[in-house]
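For reference, the chains in residue letters:
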Amino acid sequence: MLGILDYTLKSSFEAGLLVVTLLLYLYLTLPDMKSKVNYVWTGTGLALVFATVLVYGVDFWGNRELFEFAWLSSIFPVLALLILTGRLASKSKPARYAVGPLVLLTTILLVTVEGIELVGFPIKIFVQARSFINTELILKVIGALFGIFLAALFGWTYFKSTRKMNKQLVIITGTTLVTIVLARDLISLLQLGMSLGYIPVTPVLVSVIAPVINTYYPLFFYALVLLVAVQVILARLGSKKPVQQEYENPALRRKSLAEYRNQLRWLTVTLVLILTTGALLGVGHVYSNKKVKLSPPVPVQAENGVIVIPVTQVNDNKLHRFNFVTPNNVTMRFIVVAKGNGLFGVGLDACDICGVVGYYQRGDNVVCLNCDVIINKQTIGFPGGCNPIPFLNTVENGSILIKTTDLAQKEKVFKE
């Protein structure tokens, strides 16, 4: 649950921050742009549609990496054009009319990048073996939806609290926020360009990009959380209570005092939500990145081309891991799990989706180490989803019998 919460909260939080930043750009920096906020909402909706198409349909039409490279390449010139047009909007009527469509296009481009992660969360939940609804699945769905809800709630309170902040503070924060997002998009663009062969793979470029991707990439997101938290704290500390002597009319002071208290409430709620978000993401990050050590496999030998595993050795409802070295010197791992009623699930310690990462036991469940999917014990021994890759075996005279020729047919799985 925490893993999928971390996943959806991150992507929806970033998408919400970008949407709010674009809305504030219209409200605070451009003349007569309040009526054009629908461009942002329309762009957000279209971005989610495009992201869905990219995630679930692009494989039918072409290379997804090529689509993402073209998409990321478009962000920088369009955003530069929006900034230039915005500067001219107060002096040029054509520029003023062009800002709206450019905001629409910018919203689509920026939010789609985050939307790709957001709309892809069902894949993380439902990529599993032949298993119907279970408690773990329900918890993951609840975690995913709660992450989206919390991000949406934060976006709403953040927008309400920033509209009356010091304009300079909002502009500085918004500019820094977009810069952080663009810096990460630029890294992704360079990585895609190198993988597609459009950008030369030089030692200097690799030495710069590799550490960022492998070590520091998550820090881009936490920088956004810290930036917003600092902004809200500064706004809270900078809020000044109206002084009675500054108002000749008591009614004006009461109105100003009500606005001041209202602003403090919004800032407090926003700060609580950003701190809650940071805490949840920290816990989720630790949980999703925790290291689970696989139990060491028990080496087995074959006699006359048959591996014999006594039923009494594996009939305890626990996952048992074995390894066998083939004549080609390939070490193959396989697991055996008792399914009840004298039946056993036997399969490679690998699957077609996640490769040779392996499985471990959590409570009474068998779990994929890579994607944290729970495998229905009754389906172990059958193909499909994240199930262990099956191979032929029989149970005779109180032993599980595995022919080395049947096992060797799957040898290529552990060669790759």
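To be clear, the structure that these remarks concern was listed above.
In what follows, the accompanying structure is described. (Residues numbered from 1 in each chain as written. Predicted model: local features only at pLDDT ≥ 70, side-chain atom pairs only at ≥ 80, totals over all residues. Heavy atoms only, no water.)

Quick notes on the overall build of the protein chain
Part 1 of the argument: In terms of regular secondary structure, the protein chain is built from 12 helices and 11 strands.
Part 2 of the argument: Within the protein chain, the proportion of its 416 residues that are buried is 45%.
Part 3 of the argument: Expressed as a percentage of contacts within the protein chain between residues at least 6 apart in sequence, the contacts between residues at least 24 apart total 69%.
Part 4 of the argument: Summed over all atoms, the accessible surface of the protein chain reaches about 21,800 Å², with 62% contributed by carbon and sulfur. (Helix = DSSP H or I, 4+ residues; strand = E, 2+ residues; numbered from the N terminus. Buried < 20%, exposed > 50% of the residue type's maximum accessible area, 1.4 Å probe, protein only. Contact = heavy atoms within 4.5 Å. Areas by Shrake-Rupley, 256 points an atom, 1.4 Å probe, with all protein chains shown as cover.)

Thoughts on the sheet that holds strand β6 (residues 343–348)
Part 1 of the argument: Sheet architecture is open: four strands sit in the order β1-β4-β5-β6, paired in mixed fashion. The strands lining the two open edges of the sheet, one partner per strand, are β1 (298–299) and β6.
Part 2 of the argument: Alignment of strand β5 (residues 331–340) against β6, held across six bridges, turns out to be antiparallel. Paired with Val 336 across the bridge in β6 is Val 346. (Pairing = 2+ DSSP bridges.)

A short note on the pairing of strand β4 (residues 320–325)
A regular strand places its side chains so that they alternate between the two faces of the sheet.
Part 1 of the argument: Among the six residues that make up β4, five are buried, leaving the element largely enclosed by the rest of the structure.
Part 2 of the argument: Where β1 and β4 come together, two bridges link them in parallel fashion. Considered in β4, the bridge of Val 298 is made with Phe 322.
Part 3 of the argument: The hairpin formed by β4 and β5 contains five residues between the paired strands, and Asn 329 there has a positive phi angle of roughly 65°.

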